[in-house]
Amino acid sequence: MNQVHFYTKTSCKLCDDAKAMLDTYQLMYDFEIIEHNIEEDEQLLEKYFLTIPVIKINHKELDAAELNMATLDDFLSENLPR
């Protein structure tokens, strides 16, 4: 199964919204969401603190600055089979 890595933290409204979008797209694309709480890992916290939520497939990332329903759909369609 395809894996989508979701970088998040607690008490993050943008992260909650992004998770809801991912849940919606699971109905169209076959993928498993692997959540990473950046507050539990110093390296992830340093890397993603200013850009979460971040959605990563293989080595490609979509961060909060670009994230909306349309860009997420494009990102998933380019990186996952339907």
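None of these values were measured; they are calculated from a predicted model.

1. Focus: the overall build of the chain
Thinking step 1. Looking only at helices and strands, the chain has three helices and four strands in total.
Thinking step 2. Seen in sequence order, the chain has helices and strands lined up from the N terminus as β-α-β-α-β-β-α.
Thinking step 3. For the chain, whose C-alpha radius of gyration is 12 Å, the value lies close to the compact-globule estimate of 12 Å for 82 residues.
Thinking step 4. Dimensions along the principal axes, computed over C-alpha positions, put the chain at roughly 35 × 20 × 15 Å.
Thinking step 5. Long-range contacts, defined as pairs at least 24 residues apart, comprise 60% of the intrachain contacts of the chain with a sequence gap of at least 6.
Thinking step 6. Total accessible area on the chain stands at roughly 5,100 Å², and carbon and sulfur atoms take up 48% of it.
Thinking step 7. Separation of charge centres in the chain, based on 7 positive and 17 negative side chains, amounts to 2 Å.

2. Quick look at the packing of helix H1 (residues 13-25) against helix H3 (residues 69-79)
Thinking step 1. At a closest axis distance of 11 Å, the pairing of H1 and H3 adopts a crossing angle of 50 degrees. One finds that H1 runs oblique with respect to H3. Judged by the twist between their axes, the crossing of H1 over H3 is right-handed. Along its contact with H1, which presents Met 21, Leu 22 and Tyr 25, the element H3 presents Met 69, Leu 72, Asp 73 and Leu 76.
Thinking step 2. Of the residues assigned to the contact of H1 with H3, the class counts are six nonpolar, no polar and one charged.

3. A short note on the packing of aromatic side chains
Thinking step 1. If you walk through the whole model with that rule in mind, you get two aromatic pairs.
Thinking step 2. Between Tyr 25 and Tyr 29, the aromatic rings sit 6.2 Å apart at their centres with planes inclined by 55 degrees, giving tilted as the arrangement.
Thinking step 3. Under the relative-accessibility criterion, Tyr 25 is labelled buried at 7%.

4. Structural notes on H3
Thinking step 1. Those residues of H3 not exposed but buried are Leu 72, Phe 75, Leu 76 and Asn 79. Taken down its axis, H3 places every buried residue within 95 degrees of arc, on the same side.

5. Considerations on the pattern of salt bridges
Thinking step 1. Applying the stated rule across the entire model yields five salt bridges.
Thinking step 2. Between Glu 35 and Lys 19 there is a salt bridge, with its nearest N and O atoms 3.9 Å apart. Taken as a pair, Glu 35 in strand S2 (residues 31-37) and Lys 19 in helix H1 lie far apart in primary sequence, 16 residues in all.
Thinking step 3. Accessibility expressed as a relative area gives 47% for Glu 35, which makes it partly exposed.
Thinking step 4. Taking relative accessible area as the criterion, Lys 19 reaches 22% and is therefore assigned partly exposed.
Thinking step 5. Among the ionic contacts, a cluster of salt bridges with common partners joins Lys 19, Asp 23 and Glu 35.

What counts, and where the lines are drawn
Residues numbered from 1 in each chain as written. Predicted model: local features only at pLDDT ≥ 70, side-chain atom pairs only at ≥ 80, totals over all residues. Heavy atoms only, no water. Helix = DSSP H or I, 4+ residues; strand = E, 2+ residues; numbered from the N terminus. Rg over C-alpha atoms; globule rule 2.2 N^0.38 Å. Contact = heavy atoms within 4.5 Å. Areas by Shrake-Rupley, 256 points an atom, 1.4 Å probe, with all protein chains shown as cover. Lys, Arg positive; Asp, Glu negative; His and termini not counted. Charge placed at Lys NZ, Arg CZ, Asp CG, Glu CD. Axes fitted to C-alpha atoms, helices over the stretch in contact; angles between N-to-C directions. Parallel < 35°, antiparallel > 145°, perpendicular 65-115°, else oblique. Left-handed = near helix turned anticlockwise from the far one by under 90°. Nonpolar A, V, L, I, M, F, W, Y, C, P; charged D, E, K, R; others polar. Phe/Tyr/Trp six-rings, centres within 6.5 Å; stacked < 30°, edge-to-face > 60°. Buried < 20%, exposed > 50% of the residue type's maximum accessible area, 1.4 Å probe, protein only. Arc of directions from axis to C-beta. Salt bridge = Lys/Arg side-chain N within 4 Å of Asp/Glu carboxyl O.

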